[in-house]
Amino acid sequence: MNRTLNWLRLLLCTFSGEDDFIIRRCSASIQKSFALIGLFVIFAFGGCFISATVFISAIFGQFSGYSLIVGVFWACVVTIIYLLLLYTISPPILPFSKKKKIKGRNIHIDQIIQEKKPSSLFTFSFIFRIVFISVLAIIIAQPLNVFILTPFTESSIENYKMEYRVEMIISSDSSLIKKEMLMQNEFFSNINTKKHPDDSIEIADNIGIIKGKIQYDDTFLRQSKLLLDTLKKINIKASNKLKSDSIRNELSNQLNNELYSDSSFLSQIDGIIFVNSQLHYDYEILKNSLKNIIKEKTENLNKLNILLAKSNFYVARIKIIIAENYFAWLFTLIGCGIFLLPIYLKFVIRNRTDFYKIKEKIEKAIVLDDYNEFKKEYSEVFKRQFKLMNDKTEQNIYPLLDKLEKINPKKYNNLYVDIQNEMKFQIIEKYEYWADMPFRTIRKKDNRILLTEKELLTKIYGGNN
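In this report, we go over the structure that sits alongside the text. From a predicted model like this one, the values you see are computed outputs, not experimental measurements.

## Things to note about the nonpolar core
Okay, step 1: Among the nonpolar cores identified, the biggest contains 34 residues, and F34, I37, F339, I343 and F355 are the most heavily contacted of them.
Okay, step 2: Going through the elements one at a time, α1 (2–13), α2 (20–23), α3 (28–60), α4 (65–88), α5 (124–149), α11 (326–352) and α12 (355–407) are the ones with two or more residues in this core.
Okay, step 3: Looking at this core element by element, the count peaks at eight residues for α3.
Okay, step 4: Non-local contacts of F34, meaning those with residues more than four positions away in its chain, are made with L12, C13, S16, E18, I23, I349 and F355.
Okay, step 5: Counting 19 residues, the second largest nonpolar core, distinct from the first, contains I169, F220, L304 and L308.

## Observations regarding the pattern of salt bridges
Okay, step 1: According to the stated counting rule, one finds 20 salt bridges in the structure shown.
Okay, step 2: Close ionic contact of E158 with K161 constitutes a salt bridge, the shortest N to O distance being 3.8 Å. Of the two residues, E158 and K161 both sit in helix α6 (residues 154–194), three residues apart, roughly one turn of that helix.
Okay, step 3: Judged by its relative accessible area of 43%, E158 is partly exposed.
Okay, step 4: With a shortest N-O distance of 2.5 Å, D262 and K213 are connected by a salt bridge. Separated by 49 residues along the polypeptide, D262 in helix α8 (residues 241–269) and K213 in helix α7 (residues 200–237) bring together distant segments of the chain.
Okay, step 5: Several salt bridges share partner residues, and in doing so they unite E18, D19, K346, K359 and E363 into one network.

## A word on the packing of aromatic side chains
Aromatic rings considered in pairs are described by the distance between their centres and by the relative angle of their planes.
Okay, step 1: Here the structure, examined in full by the defined rule, presents 17 aromatic pairs.
Okay, step 2: On the numbers, 4.6 Å between centres and 55 degrees between planes, the contact of F34 with F355 is tilted. One end of the pair, F34, is in helix α3; the other, F355, is in helix α12, and 321 residues separate them in sequence. Just as F34 is buried, F355 falls in that class too.
Okay, step 3: Ring centres of F55 and Y314 lie 5.4 Å apart, and the angle between their planes is 75 degrees; on these two criteria the pair is classed as edge-to-face. With F55 in helix α3 and Y314 in helix α10 (residues 314–324), this pair connects stretches of sequence that are 259 residues apart.
Okay, step 4: Residue classification places Y314 among the buried residues on the basis of a relative accessible area of 7%.

The rules behind each value
Residues numbered from 1 in each chain as written. Predicted model: local features only at pLDDT ≥ 70, side-chain atom pairs only at ≥ 80, totals over all residues. Heavy atoms only, no water. Core = buried A, V, L, I, M, F, W, Y, C linked by side-chain atoms within 4.5 Å. Buried < 20%, exposed > 50% of the residue type's maximum accessible area, 1.4 Å probe, protein only. Helix = DSSP H or I, 4+ residues; strand = E, 2+ residues; numbered from the N terminus. Contact = heavy atoms within 4.5 Å. Salt bridge = Lys/Arg side-chain N within 4 Å of Asp/Glu carboxyl O. Phe/Tyr/Trp six-rings, centres within 6.5 Å; stacked < 30°, edge-to-face > 60°.

Following this line, the structure appears as structure tokens:
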């Protein structure tokens, strides 16, 4: 059992946003703290996966394998970004040098930055990361709110659909009703120029039917707009539910009456006949135009009904749930807490444990070991190059020395000794400009004692001058 718990603790530590191999060298209490961070990260991954899967399923109207693929991909992307942000919360461990800009010049401030408590946590960088993580958590929480809380807001969503339907009908019918009125005015002006005195009674009866319909449409348009504006104001204030329900019923009744009026008018205009052939010709033009307008209104309504049947009003659901259900805020806060608690735990570890001192010691040792290996390799490279150069020199010069030995043995011996001295191997070490290589935070001090101008002259010309 203990082995299983230990294995699980170490597994969770790998998701903590810190170096796993360093955590394994720390005490069990530190490992438990990082395991708790890893557990919250896994919760965040699970929340992202469920949120993305539910969202994609809702968008496409059904659950499928693509929803799972997108859910896994989104969860992995968000978790990786989140782990990187968690890693940036760690304090600086290795020493580094700062630059301070003074009047356009970059001045090195040589110092070693040691692990210490920051003077203030509320830096711009820290606040930006907190806000970014919070926004990410809020976005992820909304599909979960819709998935869990939609059954409790169905009536509000249906009301929203009804209001949206009326608003779209008013918007589409507005231009068509204006077109009806223009055609009516044009028809009436033509009648006034072509009518005979005997046509007055017939014209009055027929015009009354047309005028009454167009006037009814205009009244419907104005009253519906007024009711809709009133309803929006009441919804914003959320003050009177009974009144808002009453207005919705009135809007619904007006819309039904308008649809009935259109169908009734179509049957009436077919029965209108003008004895005057000129008037009847103009009327046929008006009748066909009005029929086309009513047909267009009917087509727009059918398209709107199909669109409303297919749409799930996902964004509207989110807005309604947040506005009406307090549990939505609770779930959102829980999501933010899951994302923000690991940051708090990292600061607890930072202030109450010696983890970062252990990490500093290990990382410094790693850097110094690698740097020492680099210096050895640096010397080895020069050693190999010197050997190659010496071998090549021997191949070129020794045949000439052999000839010289036969002619002048003494000269040969002198040159041979000089050449051997020149070809002796010298260890080449990398020159270090800084006192604390490879961190480069402390400059070497120049301990040379420089002579004054007088002392220099005395040294050159002697003490009597």
